[in-house]
Amino acid sequence: RDNSRPVQVPLLGQLKEFLMSRLPPALVLYFLAPIVGELLSGSAPPTEFFHPFGLIVLPALYGSGALLARELALRWGRRWPSILTLGLAYGILEEGLMVKSFFDPQWPDLGLMATYGRWAGVNWVWSLSLTLYHAVVSIAIPILLVELLFPERRDEPWLGRRGAIGLSILLVLDVLLGLFLMTPYKPPLIPYLLALVAVVVLFRQARRMPSAWGPSGDKRPWKPLWTGLTSFAGILAFFFGSWALPELGAPVWATMSYLILLAWAVWKIMRRASGESHWDDLGRWAAASGALAFFILLGPLMENDPSRTDNPAGMTLVAIAAALGLIWLRGRIRRRERLSST
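Within each chain, residues carry numbers counting from 1 in the order of the written sequence. Totals for whole chains, interfaces and linings use all residues, but because this is a predicted model, local features are given only for residues with pLDDT of at least 70 and pairs of side-chain atoms are given and counted only at 80 or more. Think of the side-chain values as coming from all heavy atoms in the structure, minus any hydrogens and water.

Draft legend 1. Focus on the overall build of the chain. Assigned secondary structure in the chain consists of 12 helices and two strands. When the helices and strands of the chain are placed in sequence order, the string is α-α-α-α-α-β-β-α-α-α-α-α-α-α. Across its three principal axes, the chain shows a C-alpha extent of roughly 70 × 45 × 40 Å. The burial tally for the chain puts 49% of its 342 residues in the buried class. Once local pairs closer than 6 in sequence are excluded, the contacts in the chain between residues at least 24 apart make up 79%. In this text, helices come from DSSP runs of H or I with a minimum length of four residues, and strands from runs of E with a minimum of two, each type numbered from the N-terminal end. Three labels apply to residues, based on accessible area from a 1.4 Å probe with only protein chains included: buried if under 20% of the type maximum, exposed if over 50%, partly exposed otherwise in between. Any pair of residues with heavy atoms lying within 4.5 Å of one another is described as a contacting pair.

Draft legend 2. The packing of helix α4 (residues 52-75) against helix α7 (residues 161-182), seen in detail. Axis definition: a line fit to C-alpha positions, over the contact stretch in the case of helices; interaxial angles, taken between N-to-C directions, run 0 to 180 degrees. At their nearest, the axes of α4 and α7 sit 9 Å apart, and the two run at 135° to each other. Taken together, α4 and α7 sit at an angle that is classed as oblique. Viewed along their axes, α4 and α7 form a crossing whose handedness is left-handed. On α7, the residues that touch Val-57, Ala-60, Leu-61, Ser-64, Gly-65, Leu-67 and Leu-68 of α4 are Ala-164, Leu-167, Ser-168, Leu-170, Leu-171, Asp-174, Val-175 and Leu-177. Taken together, the residues of the contact of α4 with α7 break down into 11 nonpolar, three polar and one charged. Should an angle fall under 35 degrees it is called roughly parallel, over 145 degrees roughly antiparallel, and 65 to 115 degrees roughly perpendicular, with every other angle called oblique. A crossing counts as left-handed when the near helix is turned anticlockwise from the far one by less than a right angle, and as right-handed when that turn is clockwise. All amino acids are sorted into three groups, where Ala, Val, Leu, Ile, Met, Phe, Trp, Tyr, Cys and Pro are nonpolar, Asp, Glu, Lys and Arg are charged, and the leftover types, Gly among them, are polar.

Draft legend 3. Focus on the packing of aromatic side chains. Ring pairs are drawn from Phe, Tyr and Trp, using the six-membered ring of Trp, whenever the two centres fall within 6.5 Å, and their geometry is named by plane angle: stacked under 30 degrees, edge-to-face over 60, tilted for the rest. For the structure on display, the rule yields 14 aromatic pairs. Taking 6.2 Å as the distance between ring centres and 70° as the angle between the ring planes, the aromatic pair formed by Phe-102 and Phe-103 counts as edge-to-face. Both residues of the pair, Phe-102 and Phe-103, belong to the buried class. A connected cluster of aromatic rings, assembled from ring pairs, spans Tyr-133, Phe-232, Phe-238, Phe-239, Phe-294 and Phe-295. Against the face of Trp-158 rests Arg-70, its NZ or CZ located 3.6 Å from the ring centre. By definition here, charges over rings are those cases where NZ of Lys or CZ of Arg is within 6 Å of the ring centre and within 35 degrees of the ring normal. Positioned above the aromatic ring of Trp-285 is the side chain of Arg-330, whose terminal nitrogen or guanidinium carbon lies 5.8 Å from the ring centre.

Okay, structure coming up:
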């Protein structure tokens, strides 16, 4: 068999490739970030997410945050350590400075967290868990997925100077909209200012982060199956610490220590899973898919949860669509690898 002959791509495949080459990755990330962070997670089910107000405010918040985190890290010559650090800053910006859930004891999503871990006007356990959540789920995973979708543009900026300035202004306006109009609650001045300082400190630290997970080694990356299972276990352990430990009455210091140590352990384990920064695209896909599988499995349960005060109708369809999208992306990666090997 002559393997040197060019692979014939069907007409439909050619059309898909043409559309993908014309579709701006920045636009995809702008809408994918809120889809992952709010819709798939169930924080904003379809009845809220697809409301005109949600379709304007949520992409302006999540999409702008994810795009700016990626662009800044790239322009600084940095990558994932800086993206995750900027993701931490984004989590504080959204939950602390915009919606004020770090401080508001009446925030509707708090539940037990309204009293558990509250001290000096701050919901500490909630603040820590939401900051970690946004860094990984709302910022890092959408960026990773879009870079897998557009691998040929993975290492180039997706925004020009005007675009970056425009999104920065849009993000600030969105934060101010939430600050003054979303709830009448007025946070305590000193903790609120400290949250603002934390955003600035994390922003400055992101510029000093190393460009990769760590020193490049000669270890082989894990197989995608093990990477995916590890990622799934990590997100499961995170939600166990965020919700189960408080319900079980664990001391606040123990819960917060658990979450901090878990974040450190997952960082170290995923670095090892990558073979010291030698992941291929299937490994990257597995890392993202393992985490999102948790929300996909949770989708039907959320839709049939009688304790929810909002309307979770459609979450099963969201979960199915997410699963099919990840399967399609994996097939696209495999086809790309086969074509590159011929």
